[in-house]
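Here's the letter readout for the chains.
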Amino acid sequence: KMSMAQLDELKAKVKEAICESDTPFAKTLKYIDMASIPDNEINAMVERHIISPEFAKRGKASAIILSNDESISIMIGEEDHIRIQVILGGMKLSEAYDIAERIDSLLDSSLHFAFDENLGFLTECPTNLGTGLRASVMLHLPVCESNGEISSLSDNARKIGFTVRGMYGEGSKSLASLYQISNQ
């Protein structure tokens, strides 16, 4: 429900908080207005997991802050207004969290996030309430898929607080036997 003027204000505030901060880390990031990106490159960014499919559908009024190696992307104008995403190879969840925390601290120093003592951070989607944090691993599971075990894996994962999604997250299907396993 954000107006275009509010989205422009958000983009400016996030750009200032991150790209114009006085940190060496900020020098490794670049601000990109999505209006300057051709549609074929937007599709390629989705395929490379730089942006979410939902972000790509939201139109060219949005913006992204991207690291040179594309491991860090901050989507401005996403479902919850700002989405910090860090993707690293291997099982580097702690390192990815540390990077995301550094970005969150830069944003928190100049922006005021909606927060409730009982609910945590207030987001557009109720499933993101609380910390708003989702940690995921991408797994290649061809044998489980060919043996029809993905449904059983998904049911068991759900029992311990995880969810199994397709390659592009919520609502997507697996491609090439790639699955995303995340906390709920």
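Note that the structure is a prediction, hence the values are computed from the model and not measured. (Residues numbered from 1 in each chain as written. Predicted model: local features only at pLDDT ≥ 70, side-chain atom pairs only at ≥ 80, totals over all residues. Heavy atoms only, no water.)

(A) Looking closely at the environment of S152. By secondary structure assignment, the location of S152 is in helix α6 (residues 150–159). Classification of S152 as partly exposed rests on a relative accessible area of 40%. Along the primary structure S152 and I72 are separated by 80 residues, whereas in three dimensions their C-alpha atoms are 33 Å apart. (Helix = DSSP H or I, 4+ residues; strand = E, 2+ residues; numbered from the N terminus. Buried < 20%, exposed > 50% of the residue type's maximum accessible area, 1.4 Å probe, protein only.)

(B) Spotlight on the side chain of S21. You can see S21 is positioned in the loop between α1 (4–18) and β1 (29–33). Here the side chain of S21 touches I18 through a polar contact of 2.9 Å, landing on its backbone oxygen. For S21, the side chain forms a polar contact with the side chain of T23, separated by 3.0 Å. (Polar contact = N/O pair within 3.5 Å; in protein donor to acceptor, adjacent residues only side chain to side chain.)

(C) Local environment of the nonpolar core. V14, I18, I72, I103 and L107 are the most contacted members of the largest nonpolar core, which has 21 residues in total. The set of elements that each furnish at least two residues to this core consists of α1, β2 (63–67), β3 (72–78), β4 (81–86) and α4 (93–108). No other element matches the 6 residues that α4 contributes to this core. Other than its neighbours up to four places away in sequence, I18 contacts A26, L29, I65, I74, I103, L106 and L107. (Core = buried A, V, L, I, M, F, W, Y, C linked by side-chain atoms within 4.5 Å. Contact = heavy atoms within 4.5 Å.)

(D) Highlighting the packing of α1 against α4. Axis separation between α1 and α4 bottoms out at 8 Å; the angle between their running directions is 115°. Remark: the crossing between α1 and α4 carries right-handed chirality. Contacts between α1 and α4 pair V14, A17 and I18 from the former with I103, L106 and L107 from the latter. Broken down by class, the residue content of the contact of α1 with α4 amounts to 6 nonpolar, no polar and no charged. (Axes fitted to C-alpha atoms, helices over the stretch in contact; angles between N-to-C directions. Left-handed = near helix turned anticlockwise from the far one by under 90°. Nonpolar A, V, L, I, M, F, W, Y, C, P; charged D, E, K, R; others polar.)

(E) Focus on a negative patch on the surface. Where like charges cluster on the molecular surface, the negative patch consists of E95, D98, E101 and D108. Tracing the chain through its elements places E95 in helix α4. (Patch = residues over 30% accessible without salt bridge, like charges linked within 9 Å, V, L, I, M, F, W, Y side chains within 5 Å. Areas by Shrake-Rupley, 256 points an atom, 1.4 Å probe, with all protein chains shown as cover. Salt bridge = Lys/Arg side-chain N within 4 Å of Asp/Glu carboxyl O. Lys, Arg positive; Asp, Glu negative; His and termini not counted. Charge placed at Lys NZ, Arg CZ, Asp CG, Glu CD.)

(F) Molecular detail of the packing of aromatic side chains. Going through the model one piece at a time under the given rule, you end up with 2 aromatic pairs. Ring centres of F113 and F121 lie 6.2 Å apart, and the angle between their planes is 80°; on these two criteria the pair is classed as edge-to-face. Between F115 and F121 the ring centres are 4.9 Å apart and the planes differ by 70°, which places this aromatic pair in the edge-to-face class. In textbook terms, an aromatic cluster arises when at least three aromatic residues are bridged by ring pairs, as seen for F113, F115 and F121. Above the plane of the ring of Y31 lies K15, whose end atom (NZ or CZ) is 4.8 Å from the centre. Seen from the ring of F25, R102 lies directly overhead, with NZ or CZ sitting 4.7 Å from the centre. (Phe/Tyr/Trp six-rings, centres within 6.5 Å; stacked < 30°, edge-to-face > 60°. Lys NZ or Arg CZ within 6 Å of the ring centre and 35° of its normal.)

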